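One-letter residues, chain by chain:
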Amino acid sequence: MSQPSIGQPISRLEGPLKVTGAAPYAAEYPLPHLLYAYVVNSAIPKGVIQAIDTDAAKALPGVVEILTHTNRPALAAFDFQFADLDAPPGTVFKPLYDAQVRYNGQPVAVVVAEDFETARYAATLVRIRYEAEAFETNIDDQMQQARNAKKGLATTFKPPPPKPTGHFEQAFAEAPFKVQAEYRHLAEHHNPLELFATTVQYEAGDRLTIYDKTQGTINNQVFIANAFGLPFKKVQVLAPYVGGGFGAGLRPQYQLFLAVMAALHLKRNVRLTLDRKQMFTFGHRPQCIQQLQFGADDSGKVTALGHQALTETSRYEDYTEGIAAWSHKLYPADHTKFKAQVVPLDVATPLDMRAPGGVTGLHAIECTMDALSYELGIDPLELRLRNYAETDPASGKPFTSKALRDCYLQGAEAFGWNERHPAPRSMKRGHKWVGYGMATGIWDAFQFPARVEMVLRPGGTLLVTNATTDIGTGTLTVMTQMAADAVGISMQAIEVQYGDSKKPFSMFQGGSAMTASVGAAIAKVGRKLQEILFGKASRIKGSPLAKATFDDVYFENGWIRLRQFPEQAVSFAQILASNENKPIAVKKLVGPDALKLRKYTKASHSAAFAEVEVDEELGTITVTRALTAIAAGKIINPKTAGSQIYGAMLWGISKALHEGSVMDSQLGKYLNDNYAEYHIQTHADVPQMEVLFVDEPDPLINELGIKGVGEVGMVAMPAAIANALYHATGKRITNLPIHFDQLLEP
Ligand code: MOS
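Throughout, a residue's number is its position along its own chain's written sequence, starting from 1. This being a predicted model, a pLDDT of at least 70 is required before a residue's local features are given, and a value of 80 or more before pairs of side-chain atoms are given or counted; all residues contribute to the totals for chains, interfaces and linings. Each side-chain value is derived from all of the structure's non-hydrogen atoms; neither hydrogens nor water enter the calculation.

Draft legend 1. Expanded view of the overall build of the protein. Numbering goes from the N terminus for both helices and strands, where a helix is a DSSP run of H or I of at least four residues and a strand is a run of E of at least two. From N to C terminus, the protein includes 17 helices and 29 strands. In this description the radius of gyration comes from C-alpha coordinates, and the expected globular size is given by 2.2 Å times residues to the power 0.38. Computed over the C-alpha atoms, the radius of gyration of the protein is 27 Å, within 12% of the 27 Å expected from 2.2 N^0.38 for a compact globule of 746 residues. Taken over the C-alpha atoms alone, the protein extends approximately 85 × 75 × 50 Å along its principal axes. Burial analysis of the protein (746 residues in total) assigns 61% to the buried set. The contact criterion used throughout is that any non-hydrogen atoms of two residues lie within 4.5 Å. Here the contacts in the protein between residues at least 6 apart in sequence split such that 81% fall between residues at least 24 apart. Accessibility here uses a 1.4 Å probe with only protein chains present; expressed as a share of the type maximum, an area under 20% marks a residue as buried, one over 50% as exposed, and anything in between as partly exposed.

Draft legend 2. Spatial organisation of the sheet that holds strand β17 (residues 450-456). Strands qualify as paired when DSSP identifies two bridges or more between them. Reading across the sheet, the four strands line up as β19-β18-β17-β23 and stay open at both edges, with mixed pairing between neighbours. Two strands in the sheet have a free side with no partner beyond their single neighbour: β19 (494-497) and β23 (584-590). Mean inter-strand twist for the sheet, computed between neighbouring axes without regard to direction, equals 15°. Each axis is a line fitted through C-alpha atoms, and for a helix only the stretch in contact is used; angles between axes span 0 to 180 degrees, taken between their N-to-C directions. Each of β17, β18 (462-465) and β19 is contacted by helix α11 (residues 475-487), which is oriented at about 130° to β19, the strand it contacts most. Sitting on the sheet, helix α12 (residues 514-539) is in contact with β17, β18 and β23, with an inclination near 145° to β23.

Draft legend 3. Fine view of the pattern of salt bridges. For salt bridges, the criterion is a side-chain nitrogen of Lys or Arg within 4 Å of an Asp or Glu carboxyl oxygen. Throughout the structure, instances matching the rule amount to 36 salt bridges. A salt bridge links Lys213 to Glu194; the nearest nitrogen and oxygen atoms lie 3.3 Å apart. One end of the pair, Lys213, is in the loop between β9 (207-212) and α5 (217-228); the other, Glu194, is in the loop between β7 (177-185) and β8 (197-203), with 19 residues separating them in the sequence. Taken as a pair, Lys213 and Glu194 share a single burial class, namely buried. The shortest N-O distance in the salt bridge between Glu580 and Lys582 comes to 3.1 Å. A residue is classified by how much of its surface remains accessible, and Glu580, at 62% relative accessible area, is exposed.

Draft legend 4. Focus on the packing of α11 against α12. Interhelical geometry of α11 versus α12 gives an angle of 25° and a closest axis separation of 8 Å. The angle between α11 and α12 places the two elements in the roughly parallel class. Relative to α12, the crossing made by α11 is right-handed. Where α11 approaches α12, its residues Thr475, Val478, Met479, Met482, Ala483, Ala486 and Val487 are matched on the opposing element by Met514, Thr515, Val518, Gly519, Ile522, Ala523, Gly526, Arg527, Leu529 and Gln530. For classification purposes, angles smaller than 35 degrees are called roughly parallel, those larger than 145 roughly antiparallel, those between 65 and 115 roughly perpendicular, and all remaining angles oblique. Crossings are sorted by hand: turned counterclockwise from the far helix by less than a right angle, the near helix makes the crossing left-handed, and turned clockwise it makes it right-handed.

Draft legend 5. A look at the sheet that holds strand β4 (residues 100-101). A sheet is described by the order of its strands in space; here three strands give the open sequence β4-β2-β6, paired in antiparallel fashion. Looking along the sheet, the strands with just one partner apiece sit at the ends: β4 and β6 (127-132).

Draft legend 6. Up close: the environment of Leu208. The topology assignment puts Leu208 in strand β9. Taking the C-alpha atoms as reference, Leu208 lies 28 Å from Ala99; in sequence the two are 109 residues apart. Ignoring any residue separated from it by four or fewer positions in sequence, one finds Leu208 in contact with Val200, Gln201, Tyr202, Ile224, Leu230, Lys234, Val235, Gln236, Val260 and Leu264.

Draft legend 7. Local environment of the nonpolar core. If you look at the biggest cluster of nonpolar residues, it comprises 98 residues, and the most contacted ones within it are Leu372 and Ile721. Counting contributing residues per domain, this core is built from domain 2 (153-187 + 285-446 + 598-743) and domain 3 (448-591), each supplying no fewer than three. Filtering out sequence-adjacent residues up to four positions away, Leu372 remains in contact with Phe177, Lys178, Val179, Phe294, Ala296, Val302 and Leu383. Here, the term nonpolar core denotes a set of buried Ala, Val, Leu, Ile, Met, Phe, Trp, Tyr and Cys residues that are joined through side-chain atoms within 4.5 Å. Listed in part, the 51 residues of the second largest apolar core include Val452, Ala483, Val496 and Phe572. For each domain, the first and last residues come from an automatic or database assignment.

Draft legend 8. Representation of the domain arrangement of the protein in the model. The domains assigned to the protein are domain 1 (26-134 + 192-275), domain 2 (153-187 + 285-446 + 598-743) and domain 3 (448-591). Taking only C-alpha atoms into account, the centre of domain 1 sits 40 Å from that of domain 3. In this assembly, 22 residues from domain 1 lie in contact with 18 residues from domain 3. Throughout, the accessible surface (probe 1.4 Å) given up by two parts as they are put together, summed over both, is called the buried area. Summing both partners gives a buried area of about 1,400 Å² for domain 1 against domain 3, and 58% of it is carried by carbon and sulfur. Among the residues domain 1 hides against domain 3, the three largest losses belong to Gln215, Ile218 and Gln236. Together they make up 34% of the total.

Draft legend 9. Expanded view of a nonpolar patch on the surface. Two distance rules govern patches: like charges are joined within 9 Å, and nonpolar side chains (Val, Leu, Ile, Met, Phe, Trp, Tyr) within 5 Å, applied only to residues with over 30% relative accessible area and no salt bridge. Areas reported as accessible are Shrake-Rupley estimates using a 1.4 Å probe. Residue values count occlusion only from the protein chains shown. There is a patch of nonpolar side chains on the surface, built from Leu186, Val662, Leu667 and Leu671 and spanning about 310 Å² of accessible area. Structurally, Val662 is set in the loop between α15 (638-657) and β26 (663-664). For Val662, a relative accessible area of 36% translates into the label partly exposed.

Draft legend 10. Here's a closer look at the packing of aromatic side chains. Two rings belonging to Phe, Tyr or Trp (six-membered ring only in the last case) form a pair when the distance between their centres is within 6.5 Å. Interplanar angles under 30 degrees mark stacking, angles over 60 mark edge-to-face geometry, and anything in between is tilted. Evaluated as defined, the whole model comprises 24 aromatic pairs. Both rings, one in Tyr388 and one in Tyr408, keep their centres 6.4 Å apart while their planes meet at 70°; by these two values the pair is edge-to-face. Of this pair, Tyr388 sits in the loop between α9 (380-386) and α10 (404-415) while Tyr408 sits in helix α10, and the two are 20 residues apart along the sequence. Both residues of the pair, Tyr388 and Tyr408, count as buried. Measuring from ring centre to ring centre gives 5.7 Å for Trp417 and Phe609, while their planes differ by 65°; the resulting arrangement is edge-to-face. Separated by 192 residues along the polypeptide, Trp417 in the loop between α10 and β15 (427-429) and Phe609 in strand β24 (residues 603-615) bring together distant segments of the chain. The residues Trp417 and Phe609 share a single accessibility class, namely buried.

Draft legend 11. Local environment of the pairing of β24. Of all the 13 residues making up β24, 13 are buried; the element is thus mostly covered by neighbouring parts of the structure. Judged from the 13 bridges that link them, strand β16 (residues 432-444) and β24 form a sheet pairing that is antiparallel. Following the sheet pairing, Gly435 is matched in β24 by Val612. Alignment of β24 against strand β25 (residues 621-631), held across ten bridges, turns out to be antiparallel. Note on β25: the bridge partner recorded for Val614 is Ile621. In this antiparallel pair of consecutive strands, β24 and β25, the connection spans five residues, and Gly619 shows a positive phi of 75°.

Draft legend 12. Quick look at the packing of α5 against helix α6 (residues 254-266). Their axes nearest at 11 Å, the elements α5 and α6 cross at an angle of 50°. Of the possible angle classes, the one that applies to α5 and α6 is oblique. For the pair α5 and α6, the sense of crossing is right-handed. Taking contact as the criterion, the partners of Asn220, Phe223, Ile224, Ala227 and Phe228 in α5 are, on α6, Leu256, Phe257, Val260, Met261 and Leu264. Charged means Asp, Glu, Lys or Arg here, nonpolar means Ala, Val, Leu, Ile, Met, Phe, Trp, Tyr, Cys or Pro, and polar covers whatever is left, Gly included. In terms of residue class, the contact of α5 with α6 is made up of nine nonpolar, one polar and no charged.

Draft legend 13. Spatial organisation of the side chain of Lys46. Locating Lys46 in the fold gives a position in the loop between β1 (35-41) and β2 (47-53). Residues adjacent in sequence count toward polar contacts only when both atoms are side-chain atoms; beyond that, a polar contact is any pair of N or O atoms within 3.5 Å, and within protein one must be able to donate a hydrogen and the other to accept it. In terms of polar contacts, Lys46 uses its side chain to reach the side chain of Asp346, at 3.4 Å. Once you skip the residues sitting within four places of it in the chain, Lys46 turns out to touch Val101, Ala132, Glu133, Ala134, Phe135, Arg315 and Asp346.

Below, the structure is given as structure tokens:
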């Protein structure tokens, strides 16, 4: 039999289209008589708009319309309750709803013109008079407002932390070894390379074809239909090519809403593109303050785990993420106390950003474990092994699979962890201190329901359809690989259609869930198609398979062959011919086997290792090497999965050392809302990197044993860097990002 496609390091199928510029993005679809829209954003964080003077802007030749809360069309939009599948509990923000300004940068007007330049210039001529109100964007000033978040739909993905166990206070007080520390993170903004943009094609009768920058075509279709009171069938959202999402595209963003509003109002094709500065005017990773208290006994066994997280949210929605309870999914302890609260501020509602909650919590958890290892005088890796959980400590349930120990051991071996001198500030290379750090990662193994259709078409090609996007992860490629194996047909004979709300159901692409979600569906639909093909093949007159059962045959490269006598075979072409050359189609909705999986915990794991150099006089930091070992079940494509982990590791380094949106609480505004001052990792910062996938068969979790990769590659990295910096310098910096000047301070 020929080699399966699954497991092959296949390059991204749409790669050539993307690198040659042939793949159109949301703002690039050409449409006739297209109007261009540009958003005016509020200049204050809170208050009431007294007046908007649009006269000068309107007088500009080429300006078609300026919509504000005073003249916008009356829409169903402002009655709807359901926002979107990722909406936190609260009241969804409705652009141009009223005169109230809720956060700095809120869209308050949209200028529509014959060309982009005119729209953008006209936007600068719109004069707005505000009555400013007192506002609060400083979390420290609002600590007394901390409260539990309201519960809602999003709570299902992100449950609040569990109740305390044992007697935490006493156990922590009595622990012979303990660490207590506070960790602080600034807000961060996603900033995918592709700007958020929407191109709306308007057709008579309010039929809309929408090219949108999004991670979820159906999510946005449902949102627009609800918001504007349109039948679902009249709204199609397309996003076949997406230039990065990172969570920013999980929720429908305001440019979509405003582009549709303008198109419906003017009955014209409209395009709205945000600029880079405007990319800082909707959701962000929330700033966070964490308090950790870990206690251990003399043997290094953790006995008490305490973790409190305080995150900002907006005044109108309670955004939360799972930060506080991860330590008890990694380490057994009898006494635990977890708490997560929100502090409402006058900011936009925060939003999921790659590894939401996980990367925040694990930075604190894994730095605290590192600090504990020095208290105990135990190697940091050895401490993890002494506290290794064979079953989920929080629920007592077994894991469907868990090869974290292999991550630790194989990762340490490949990295050369044993060359580390245990004492901080003990390793040197020239005039640079050298440090080794490691940390553990864990992430949920989500699987969403997905409906896949397969059609074997005359000519013998296989059409596979699902509404999912491919936000740059390789989804198209792995779907093609999985379909090839599920049906027994070559990848070249497969066409996957995706990124289209008219295709069979998909959730938005997030949480590292899509490969498992579509994979399980492809496996089941492929199997069903094979059964149908086999049935038809065995009924063909004189069929060599007439007496065979399904188990007697195998499918390969468009043929069904007898295992015993492979030359006895029927081709898909023959089956189609016997079917009067009519297509053969199968469609199925497939979700996780909830009944079976209730008894298990599903998680992917990782171990990250990093080496840093710190200049002894200047404090400048270089990450010289980074390695991550991943246990995430079946890896469908080591190349695309590896790239996910490389990207995630880089973002982990970026989070540790560069990224942070600096809020000026005098102005209620992010000061560095641009690519020049919002620092991210650049090519020149990239260290020598290695990704290692450990073997982790998982026959329980789903049809293909997939857990999904992406976020699991990021979660451990910030702590690995911070721990390496401690090892290099003896300085424990607990706030992110860590800057060299902090290492210079005495
Ligand atoms: Mo992501 S935050 O899984 O889009």
